[in-house]
Amino acid sequence: MKNGILNNLFHRAKNKIKNYVYYYFGYPYIINWKKDCGNLKRALFVYQVDPFYMEDNDEAFYFHNTQKQAIQIAEILTSKGFIIDIFDYRDKRIKLQCKYDLIISHNPNLIIHQSNLKHTTKIIYFAAGENPIIANEKVRKCYLDFFKRNGTKLKIKRLAPEGDSFIKQSKYIVLYGNENTAATFYKYYPKMMFCFNNYGYNNTRFEANHNNYEERKRNFLFFSGGDMVAKGLDLLLETFLNRDDVQLYICAPYRNEKDFMRFYQRKINKRNNIHFCGFIRPLSEQYYNIVNKCGFIIHPSATEGQPGGVIQAMHSGLVPIISKYCGIDSGASMIVLKSCEIKEIDEIINDCIKKGNDWLMEASLSNHKLAIKQYSEDAFNWNWNKILDTILAT
């Protein structure tokens, strides 16, 4: 565990230094990634540039799988005969020198000049989640609800950029999530929409036969990225603080949110059923020690694309308790929250601990199989191939 904490601290420090350098001196970029001289078509891919400079065994690939996904998308583009230029979506100094047959950008404000377009250029906005306008409304409401419940105002951690010059210029939107996620765009941007699924890691260990299902029914995992209020951790804390019959394991970067932690710390210190585990790396021994105690992954988030922590936990056989905004199509053994209110969460927990051990064993196996089939690297590559083939054929 100690090594895991040190690795996380090193990773965070390294990122801070790197982002500082990028901000002041500019992001690196890649022209003709594969140094291909044979292909005639050219694609611009504006997403993450860091992964293309990393070694295959870099630990950073296990901190967030979008880095691996960036490379996989680029490989698919190469397989379709494109020379690829790669820029970072946070780079505000992008200067393009070529005309492109295909443009994919995660930056909604990217300016593409007519000199960089052909009359047949396919332009795709690559969305990580819901329409930023709607997502930001939900985030603001979360913080307002927190204030109404607790009388304390917390600083909003992050809002998505709402500029949309590139979205308006695009003809297609490709996004993480499902039809609920896509529906947040339709009103503002009547484009052709394509959804795809996030994935967990292929080599995740799954232990099918546990002898501790009775214990696991009472253990719940929260496994998430940043912005604890938008992700619903406040709702979980206020639920579990009033119970002593269930355990909550929290794996998230909560240390970055000091006002949030100050508010809850004194209350939590008096409890022994809430466990702060820090931000942990998937597939680490610390990860397995925690997920093998838990029966459920709980994620009452207000806005998402498709939370990787939930999908990774499904690969480990945990049963999801999720909001309808998580962008995950509900399976027979999932539990979807209707309102994400504390009363509802409390009632769902009561239902969970009353379920039989056989139910949990079958639900665990069912969600693991679903993750392998629909939320895997193979499914991700298949979906992206199909999406691009459809767009390129129009």
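Fair warning: this is a prediction, and the values are worked out from it, not measured in the lab. (Residues numbered from 1 in each chain as written. Predicted model: local features only at pLDDT ≥ 70, side-chain atom pairs only at ≥ 80, totals over all residues. Heavy atoms only, no water.)

(A) The sheet that holds strand S10 (residues 296-299), seen in detail. Strand order in the open sheet made by the six strands is S9-S8-S7-S10-S11-S12, with parallel pairing throughout. In this open sheet, the two edge strands, each paired with only one partner strand, are strand S9 (274-276) and strand S12 (335-337). The average angle at which neighbouring strand axes cross in this sheet is 20°, direction not considered. Bridge count between S10 and strand S11 (residues 319-323): four bridges; the pairing is parallel. The residue of S11 that forms the bridge with Phe296 is Val319. Contacting strand S7 (219-223), strand S8 (247-251), S9 and S10, helix H8 (residues 233-240) crosses the sheet at an angle of about 155° to S8. Contacts from helix H12 (residues 342-354) reach S7, S10, S11 and S12 within the one sheet, and its direction differs from that of S12 by about 165°. (Pairing = 2+ DSSP bridges. Helix = DSSP H or I, 4+ residues; strand = E, 2+ residues; numbered from the N terminus. Axes fitted to C-alpha atoms, helices over the stretch in contact; angles between N-to-C directions. Contact = heavy atoms within 4.5 Å.)

(B) Main features of the side chain of Gln306. Residue placement: Gln306 occurs in the loop between S10 and helix H11 (308-315). Among the polar contacts listed, one links the side chain of Gln306 to the backbone nitrogen of Asn198, at a separation of 2.5 Å. Apart from residues no more than four positions distant in its own chain, Gln306 is found in contact with Tyr176, Gly177, Phe196, Asn197, Asn198, Ile311, Cys326, Gly327, Ile328 and Tyr375. (Polar contact = N/O pair within 3.5 Å; in protein donor to acceptor, adjacent residues only side chain to side chain.)

(C) Local environment of helix H13 (residues 357-374). For H13, with 18 residues, the first-to-last C-alpha span of 26 Å sits near the 26 Å given by 1.5 Å per residue. Every buried residue belonging to H13 is among Leu360, Ala363, Ser364, Asn367, His368, Leu370 and Ala371, and all of these are buried. Along the axis of H13, the buried positions cluster into a sector of 160°, meaning they face one direction only. Exposed positions of H13 whose direction lies more than 90 degrees from the buried face are Asp358, Glu362, Lys369 and Lys373. (Expected span 1.5 Å × (residues − 1). Buried < 20%, exposed > 50% of the residue type's maximum accessible area, 1.4 Å probe, protein only. Arc of directions from axis to C-beta.)

(D) Layout of the pattern of salt bridges. All told, the structure shown has 19 salt bridges when counted by the stated rule. Here Arg42 makes a salt bridge to Asp85, at a shortest N to O gap of 2.9 Å. Of this pair, Arg42 sits in strand S1 (residues 41-47) while Asp85 sits in strand S2 (residues 82-88), placing them 43 residues apart in sequence. Side by side, Arg42 and Asp85 carry an identical accessibility label, which is buried. Among the ionic pairs, Asp145 bridges to Lys141, the shortest N-O distance being 2.8 Å. Of this pair, Asp145 and Lys141 are both found in helix H3 (residues 132-150), four residues apart, which corresponds to roughly one turn of the helix. (Salt bridge = Lys/Arg side-chain N within 4 Å of Asp/Glu carboxyl O.)

(E) Local environment of the pairing of S1. Counting buried positions along S1 gives six out of seven residues, so the element sits mostly inside the fold. When S1 meets S2, the two strands line up parallel, connected through seven bridges. Note on S2: the bridge partner recorded for Phe45 is Ile86. Regarding topology, helix H2 (residues 66-79) serves as the crossover connection from S1 to the parallel S2, and that connection is right-handed. Two elements, S1 and strand S3 (residues 100-105), share four bridges in a ladder whose sense is parallel. Following the sheet pairing, Leu44 is matched in S3 by Ile103. (Right-handed = clockwise from strand over helix to strand, strands pointing away.)

(F) How the structure looks around helix H14 (residues 377-393). For H14, spanning 17 residues, the distance from its first C-alpha to its last is 24 Å, which sits close to the expected 24 Å at 1.5 Å a residue. Turning to H14, its buried residues number three or more, namely Glu377, Ala379, Phe380, Asn383, Trp384, Ile387, Leu388 and Ile391. Taken around the axis of H14, the buried residues stretch over an arc of 155°, which confines them to a single face. Those residues of H14 that are exposed and aimed more than 90 degrees away from the buried face are Asp378, Trp382 and Ala393. Residues of H14 that are buried in the fold lie against H2, S3, strand S4 (117-127), strand S5 (172-176), strand S6 (192-196) and H13.

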